[in-house]
Amino acid sequence: MVDATEKEMDNPTFRSDTVLSDVHLHCPSKRHLMVRLNAVGQPVFLSYFKFLWKTEDLACGKHVREATTGREHQYRSGDELCAKDRNNVNKEEELYSEGVEALLDNDGDLEVVRRPQSASDLEAEDVLRDIVCPVILMKGKEDAFEDEDQECARSDVVKIEHTMATPLEDVGKQVWRAAFLLADYILFKRDTFRCCSVLELGGGTGITSIIMGTVAKKVYCTDVGEDLLAMCEQNVALNKHLMEPGGGQVKVKELDWLKDEFCTDPEAPYSWSEEEIADLLDHCSVIMAADVFYDDDLTDALFRTLYRLTHNLRHPCTVYLALEKRLNFTLRHMDVTCEAYSHFRNTLNDLENLQDGKIKYRVEPIKLDFCQFLVYERIEQL
């Protein structure tokens with residue numbers, strides 16, 4: 001069973017309804033080994049996402065020096081670069097500072113001068129792959145990576161179980177870039193979130209809630225689907241050591257945007273107790289969501305949930321929304337469009353312009369010039 005799945009994952013076949021997060025596009029096929037099969041038969045992987053700075057420094061509030069270049073920013077771990085990374089950065093800086101002269105051949109065509117192979121992007125990609133690619137374990141072979149755990153301190157990585165290439169209804173089981181972006185902002189503004197009570201909507205694999213749990217007092221990470229919530233709870237357990245120094249706590253709960261009430265059925269897994277609901281409404285001051293705006297009906301349901309929740313909270317609340325604008329060519333428009341993002345913006349404007357005499361909503365964009373604390377590609381569409 002496992003061998004067949006490994007062979008299948010080495011040569012994946014994508015159907016028309018398959019959705020793939022490109023966070024994992026750089027992982028070498030030779031490491032396509034899985035941890036287990038989940039309840040619906042999907043392969044589950046374990047990835048180690050590396051922090052660019054030590055979490056001990058973040059927990060105690062030490063000043064983190066901003067990186068001076070994009071490449072150096074991506075490869076920095078702590079305050080030092082490894083020798084290979086530093087050489088790559090220096091070579092690229094020299095190339096860009098000197099400039100590359102464009103030449104014409106005998107026919108007058110532009111001849112592109114290529115950079116030396118020693119300073120090519122291939123080396124840079126190799127560095128990123130060593131850090132970012134999923135570290136995949138076969139079931140029962142967790143000890144195989146024991147040495148790797150000892151090489152990099154446990155506080156240097158966040159471990160996330162996830163799936164890859166899922167149908168649209170299971171995209172919450174994948175890891176998405178906007179979750180990293182929101183996690184970066186949390187770590188950059190950690191004093192803002194310290195000791196807060198937080199609610200995440202559409203938490204998925206739980207990576208953003210886990211990062212929030214390193215600075216906040218309590219985080220309610222919510223989504224729907226028992227299989228997804230079980231994966232999320234496993235990820236919280238895998239990263240409990242990251243939250244223990246600050247005393248943070250992450251609770252995984254069900255919250256369906258299509259329903260008007262919390263699930264309080266004691267027989268249902270991940271249901272809410274009356275005490276937990278009261279605690280959320282009495283103390284929550286931050287709500288967050290990352291990469292959940294891909295379907296217009298779900299976007300409408302999310303904003304209805306936000307409206308209902310904010311009206312029931314005892315204190316003022318700030319909502320942080322992160323997403324990636326995904327551009328697609330449509331025959332209807334005969335142009336490249338981003339309809340999901342357009343609908344999100346329109347709905348957000350409607351919320352800001354809403355006048356019900358109870359609550360006033362104000363929308364403010366956040367500049368994306370803050371430090372990067374996790375290794376991922378921060379593209380301009382975020």
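Placed above this text is the structure.
Residues numbered from 1 in each chain as written. Predicted model: local features only at pLDDT ≥ 70, side-chain atom pairs only at ≥ 80, totals over all residues. Heavy atoms only, no water.

**Q** Would you take a moment to explain the overall build of the protein for this structure?
**A** Helix and strand counts for the protein stand at 14 helices and 14 strands. The burial tally for the protein puts 47% of its 382 residues in the buried class. For the protein, restricting intrachain contacts to residue pairs at least 6 apart in sequence, the fraction spanning at least 24 positions comes to 72%. (Helix = DSSP H or I, 4+ residues; strand = E, 2+ residues; numbered from the N terminus. Buried < 20%, exposed > 50% of the residue type's maximum accessible area, 1.4 Å probe, protein only. Contact = heavy atoms within 4.5 Å.)

**Q** How should I be thinking about unusual backbone geometry in this particular structure?
**A** Of all residues except glycine, most have a negative phi; of all peptide bonds, most are trans. Even without being a glycine, Tyr270 presents a positive backbone phi close to 65°. In this fold, Tyr270 is placed in the loop between β10 (249-254) and α12 (274-283). Tyr270 sits in the buried class, given a relative accessible area of 16%. Phi is positive for Asp291, close to 55°, though the residue is something other than glycine. Locating Asp291 in the fold gives a position in the loop between β11 (284-290) and α13 (296-312).

**Q** Looking at this model, I keep getting lost on the sheet that holds strand β2 (residues 36-37). Mind explaining?
**A** What the three strands build is an open sheet, ordered β2-β3-β6; its pairing is antiparallel. Where the open sheet ends on each side, the last strands, each with one partner, are β2 and β6 (157-162). In the sheet, β2 pairs with strand β3 (residues 43-50) via two bridges, with the strands oriented antiparallel. If you follow Arg36 over to β3, its bridge partner there is Val44. (Pairing = 2+ DSSP bridges.)

**Q** Quick question: what am I supposed to make of the sheet that holds strand β9 (residues 218-223) here?
**A** The sheet built from five strands is open, its strands ordered β10-β9-β8-β11-β12 with parallel pairing. Taken across any chain shown, the strands that pair with only one partner, and hence form the sheet edges, are β10 and β12 (318-322). In this sheet, adjacent strand axes meet at a mean angle of 20° when their direction is disregarded. Judged from the five bridges that link them, β11 and β12 form a sheet pairing that is parallel. Considered in β12, the bridge of Ala289 is made with Leu321. Here helix α7 (residues 177-188) sits on the sheet in contact with β11 and β12, set at roughly 145° to β11. (Axes fitted to C-alpha atoms, helices over the stretch in contact; angles between N-to-C directions.)

**Q** Help me out: how do you make sense of the packing of α13 against helix α14 (residues 339-352) in this one?
**A** Packed helix pairs are characterised by how far apart their axes lie and by the angle those axes make with each other. As a packed pair, α13 and α14 sit with axes 10 Å apart at the nearest point and diverge in direction by 25°. The angle between α13 and α14 places the two elements in the roughly parallel class. Remark: the crossing between α13 and α14 carries right-handed chirality. The segment α13 lies against α14, with Asp296, Thr299, Asp300, Phe303 and Tyr307 engaging Glu339, Ala340, His343, Phe344, Thr347, Leu348 and Leu351. The residue inventory of the contact of α13 with α14, partitioned by class, reads six nonpolar, three polar and three charged. (Parallel < 35°, antiparallel > 145°, perpendicular 65-115°, else oblique. Left-handed = near helix turned anticlockwise from the far one by under 90°. Nonpolar A, V, L, I, M, F, W, Y, C, P; charged D, E, K, R; others polar.)

**Q** What's the story with the pattern of salt bridges in this structure? I'm lost.
**A** It is possible for side chains of opposite charge to pair when their charged atoms get near one another. Inspection of every chain in the model, using the stated rule, returns 15 salt bridges. In this structure, Lys173 and Asp170 form a salt bridge, with 3.7 Å as the shortest nitrogen-oxygen distance. Glu324 is paired through a salt bridge with Arg326; the nearest N and O atoms lie 3.5 Å apart. In this structure Arg326 comes out as partly exposed when scored by relative accessible area, which is 30%. If you follow the salt bridges from partner to partner, you end up with Arg177, Asp291, Glu324, Arg326 and Glu377 in one network. (Salt bridge = Lys/Arg side-chain N within 4 Å of Asp/Glu carboxyl O.)

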